[in-house]
Amino acid sequence: MTGSTTRSTSRNAKRNANRGRAGTAVLAVLTVAAATAGCKAQATGSAPAASSSPRATATDDGKPASPPSSPTASPSSPTASPSSAPPTATASPTPKPDPQGTTLMASGSEGKQVRELQARLRQIGHFDRSPTGYYGTVTVAAVQSFQGKRGLTRTGRADTLTWQKLLGMTHEPTAAELNPPTTRQVAKPDKRCMTGRVLCISKNSRTLSWMIDGRVMSSMDVRFGSQYTPTREGTFSVYWKSRHHVSSIYHTAMPYAMFFSGGQAVHYSADFAARGYNGASHGCVNVRDEGKIASLFAQVKNGDKVVVFE
């Protein structure tokens, strides 16, 4: 019995061992199957719990996020690029209309209309130069002056309202007003210039007008002596004309010289033509335009009156 019992126990142990190995094999198969099922679920749409790639947040300034690395990502997936979303519209403020209207001319503008603007401003005393056709700082200041006198905003720009008011106060400029003979506006003639043949010379406006019986025949730019050699003021007369005169004191040319007071004369100055008002004479009345002084020299006679005033 003992031997039989021993053999039986041995057979049972072998069967149990075989069953144990079979169970272990089944468990291993089930474990592999479960792991494989988990990989498939992640690949079909579930994002991993953690990711190293950056994502857009509520604090971003509208820049699109980087596209996902996986080409199979669904548009509804958290890793999908937000670039497909419609951009947020930003409302722009509606500009307020200028109460004085559209700007027609402003600093830097140039052309015929600017020249007309300057001529009209000159008619009513807001522009003291010859029209140039260029809208510079002097024109800006002149427009501001006009606007201030008319109760308009002093922008310095010629807008529609400013232009309309200016048109209503001025007349259409003549050819002489658009292209005047002198740089600065010719001064109102002194009362001593209103009779006879007169060289009417204003130091203030720096102009000379050749007048006959109160009528201006021609005008031109002039300059005068310095503070150390001033041009004399008063009423004189031409006493000598010298077409090709040369100064015996300064040894400089004085073409078309018309002497009226000692050594002081009206004459052409090449220096004035070249340097403008940066220089001065030694007391004479310098003329810049040679063509004009040549014409004047041909008309003036000895004995004609010369009036020099401020």
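Structure: above.
Scope of this entry: the structure provided in the associated data block. Just so we're clear, the structure is a prediction, and the values are computed from it rather than from any experiment.

This part takes up the packing of helix H2 (residues 112-123) against helix H4 (residues 160-169). The N-to-C vectors of H2 and H4 enclose an angle of 55°; their axes lie 10 Å apart at closest approach. Here H2 lies oblique to H4, going by the angle between them. Judged by the twist between their axes, the crossing of H2 over H4 is left-handed. Across the interface between the two elements, Gln 113, Glu 116, Leu 117, Arg 120 and Leu 121 from H2 touch Trp 163, Leu 166 and Leu 167 from H4. Broken down by class, the residue content of the contact of H2 with H4 amounts to 5 nonpolar, 1 polar and 2 charged.

With that settled, the discussion passes to the pairing of strand E4 (residues 207-212). In terms of burial, E4 is a largely internal element, 5 of the 6 residues being buried. Pairing analysis gives 6 bridges linking strand E3 (residues 197-202) to E4, with the strands arranged antiparallel. In the strand pairing of E4, Ser 202 is matched with Thr 207. Where E3 hands over to E4, the hairpin turn is made up of 4 residues, of which Arg 206 adopts a positive phi near 55°. Where E4 lies against strand E5 (residues 215-223), 6 bridges are found, and the strand directions are antiparallel. In the strand pairing of E5, Ile 212 is matched with Arg 215. Remark: 2 residues form the turn of the hairpin made by E4 and E5, two consecutive strands paired antiparallel; Asp 213 in that turn has positive phi of roughly 50°.

Under the defined criterion, the tally for this structure stands at 8 salt bridges. Between Glu 116 and Arg 120 there is a salt bridge whose closest N-O contact spans 2.9 Å. Placement of the pair is Glu 116 and Arg 120 together in helix H2, with a separation of 4 residues, close to one helical turn. By relative accessible area, Glu 116 is classed as partly exposed at 22%. Residue classification places Arg 120 among the buried positions, given a relative accessible area of 6%. In this structure, Arg 197 engages Asp 304 in a salt bridge whose closest nitrogen and oxygen atoms are separated by 3.1 Å. Placement of the pair is Arg 197 in strand E3 and Asp 304 in the loop between helix H7 (290-299) and strand E11 (305-309), with a sequence separation of 107 residues. For Arg 197, a relative accessible area of 28% translates into the label partly exposed.

At Arg 206, a residue that is not glycine, the phi angle is positive and equals roughly 55°. By the secondary structure assignment, Arg 206 is in the loop between E3 and E4. Taking the relative accessible area as the measure of exposure, Arg 206 reaches 26% and is therefore partly exposed. Non-glycine residue Tyr 256 carries a positive phi angle of around 55°. Classification of Tyr 256 as buried rests on a relative accessible area of 9%.

Calculation criteria
Residues numbered from 1 in each chain as written. Predicted model: local features only at pLDDT ≥ 70, side-chain atom pairs only at ≥ 80, totals over all residues. Heavy atoms only, no water. Axes fitted to C-alpha atoms, helices over the stretch in contact; angles between N-to-C directions. Helix = DSSP H or I, 4+ residues; strand = E, 2+ residues; numbered from the N terminus. Parallel < 35°, antiparallel > 145°, perpendicular 65-115°, else oblique. Left-handed = near helix turned anticlockwise from the far one by under 90°. Contact = heavy atoms within 4.5 Å. Nonpolar A, V, L, I, M, F, W, Y, C, P; charged D, E, K, R; others polar. Buried < 20%, exposed > 50% of the residue type's maximum accessible area, 1.4 Å probe, protein only. Pairing = 2+ DSSP bridges. Salt bridge = Lys/Arg side-chain N within 4 Å of Asp/Glu carboxyl O.

Any link to function would need more than the numbers given here.
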